[in-house]
Amino acid sequence: DAGVIQSPRHEVTEMGQEVTLRCKPISGHNSLFWYRQTMMRGLELLIYFNNNVPIDDSGMPEDRFSAKMPNASFSTLKIQPSEPRDSAVYFCASSSLTGSPLHFGNGTRLTVT
Amino acid sequence: KNEVEQSPQNLTAQEGEFITINCSYSVGISALHWLQQHPGGGIVSLFMLSSGKKKHGRLIATINIQEKHSSLHITASHPRDSAVYICAVLSTGGADGLTFGKGTHLIIQP
């Protein structure tokens, strides 16, 4: 099993540009989570999906952030327009059942200049 | 909202020492996770527990539901255990997302 796959690993972009982060969960997992990690705030949940349906997006900081899960094997997190304060590491994680162990991707390190 | 506190924030120890990292939370939970974040940034789930104790190799995790407290122990610590250890809780009846502690930065010196 390849685990949770995120791309890109690193993204450097200029303020105002659109950024798209991608995640492929482990096959068979029906819960997918997007987290953001910063030095100041640690790890924070942004949004999670069950069976491709967004369940809780209360952690999404602003309307500039949007997430989709068009099918069970792919999800995107989009920031448009990006701002320097969005610089962080964004993690995707999946699990097979609600409350079961999480499997994390390696993260995408985003730098917005 | 659940408040998760970890202690210590930073810990430096010598190889072979017994390590304890603590986590306390403020409201009832259905599960608690211990995560390990490697220096390269990757995150690995070590344990998920809702009661009692779990052991995996040199790692032991315990939880006391009444006291709202969990500990992660490392026996015979080794430099490769150097990492950030993060406690995360799943609140009872809450959203399925986790609330995270700020992490404990552990350094094991040879």
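Everything below is about the structure printed above this text.
Below is a short write-up of the structure. In this text the structure is predicted, and so the values were computed from the model without any measurement.

Things to note about the packing of aromatic side chains
At step 1: Per the counting criterion, the structure on display carries five aromatic pairs over all chains.
At step 2: An angle of 20° between the planes, with centres 5.4 Å apart, marks the rings of A:Phe33 and A:Tyr48 as stacked. Here A:Phe33 is found in strand E4 (residues 31–38), whereas its partner A:Tyr48 is found in strand E5 (residues 42–50), with 15 residues between them in sequence. Accessibility classification places A:Phe33 together with A:Tyr48 in one group, the buried group.
At step 3: Members of the aromatic cluster, connected to one another through ring pairs, are A:Phe33, A:Tyr35, A:Tyr48, A:Phe91, A:Phe104 and B:Phe100.

Describing the pattern of salt bridges
As a working rule, side chains carrying opposite charge can pair if their charged atoms are close by.
All names here are of chain A.
At step 1: If you walk through the whole model with that rule in mind, you get nine salt bridges over all chains.
At step 2: Measuring nitrogen to oxygen at the nearest pair gives 2.6 Å for the salt bridge that ties Arg85 to Glu83.
At step 3: The exposed category is assigned to Arg85, whose relative accessible area is 55%.
At step 4: Using a relative accessible area of 23% as the deciding quantity, one classes Glu83 as partly exposed.
At step 5: What you see here is one network of salt bridges that share partners, running through Glu62, Arg64, Glu83, Arg85 and Asp86.

Section: the environment of A:Ser58
All names here are of chain A.
At step 1: Mapped onto the fold, Ser58 is located in the loop between strand E6 (53–56) and strand E7 (65–71).
At step 2: Taking C-alpha positions, Ser58 is 8.7 Å from Leu45, a pair spaced 13 residues apart along the chain.
At step 3: A distance of 2.7 Å separates polar atoms of two side chains, one belonging to Ser58 and the other to Asp56.

Some points on the state of the cysteines
At step 1: In total, this model carries two disulfides over all chains according to the counting rule given.
At step 2: Between the sulfur atoms of A:Cys23 and its disulfide partner A:Cys92 the distance amounts to 1.9 Å. Every disulfide takes its handedness from the sign of the S-S torsion; for A:Cys23 and A:Cys92 that torsion is -65°, giving left-handed. One end of the pair, A:Cys23, is in strand E3 (residues 19–24); the other, A:Cys92, is in strand E9 (residues 88–95), and 69 residues separate them in sequence. Of the two residues, A:Cys23 and A:Cys92, neither departs from the other in class, the shared state being buried.
At step 3: The disulfide partner of B:Cys23 is B:Cys87, and the gap between their sulfur atoms is 1.9 Å. Judged by the sign of its S-S torsion, about -60°, the bond between B:Cys23 and B:Cys87 is left-handed. Placement of B:Cys23 in strand E3 (residues 19–25) and of B:Cys87 in strand E9 (residues 83–91) is noted, with a sequence separation of 64 residues between them.

Conventions we followed
Note on numbering: residues in each chain are counted from 1, in written sequence order. Just so you know, chain letters begin at A and ligand numbers begin at 1, following the order they were written in. Local features in this predicted model are restricted to residues whose pLDDT is 70 or higher, and side-chain atom pairs enter the listing and the counts only when it is 80 or higher, whereas totals over whole chains, interfaces and linings include all residues. Hydrogens and water are ignored here; the side-chain numbers use all heavy atoms of the structure. Any pair of Phe, Tyr and Trp rings, taking the six-membered ring for Trp, is counted once the centres come within 6.5 Å. Such a pair is stacked with planes under 30 degrees apart, edge-to-face with planes over 60 apart, and tilted for the rest. Think of it this way: any DSSP run of H or I at least four residues long counts as a helix, any run of E at least two long counts as a strand, and we number them from the N terminus. Type-normalised accessible area, obtained with a 1.4 Å probe on protein chains alone, sets the label of each residue: buried when under 20%, exposed when over 50%, and partly exposed for intermediate values. For this document, the term salt bridge refers to a Lys or Arg side-chain nitrogen within 4 Å of an Asp or Glu carboxyl oxygen. Here a polar contact means two N or O atoms within 3.5 Å. Within protein one must be a hydrogen donor candidate and the other an acceptor candidate, and residues neighboring in sequence count only if both atoms are side-chain atoms. Criterion for a disulfide: a pair of cysteine sulfur atoms at a distance within 2.5 Å.

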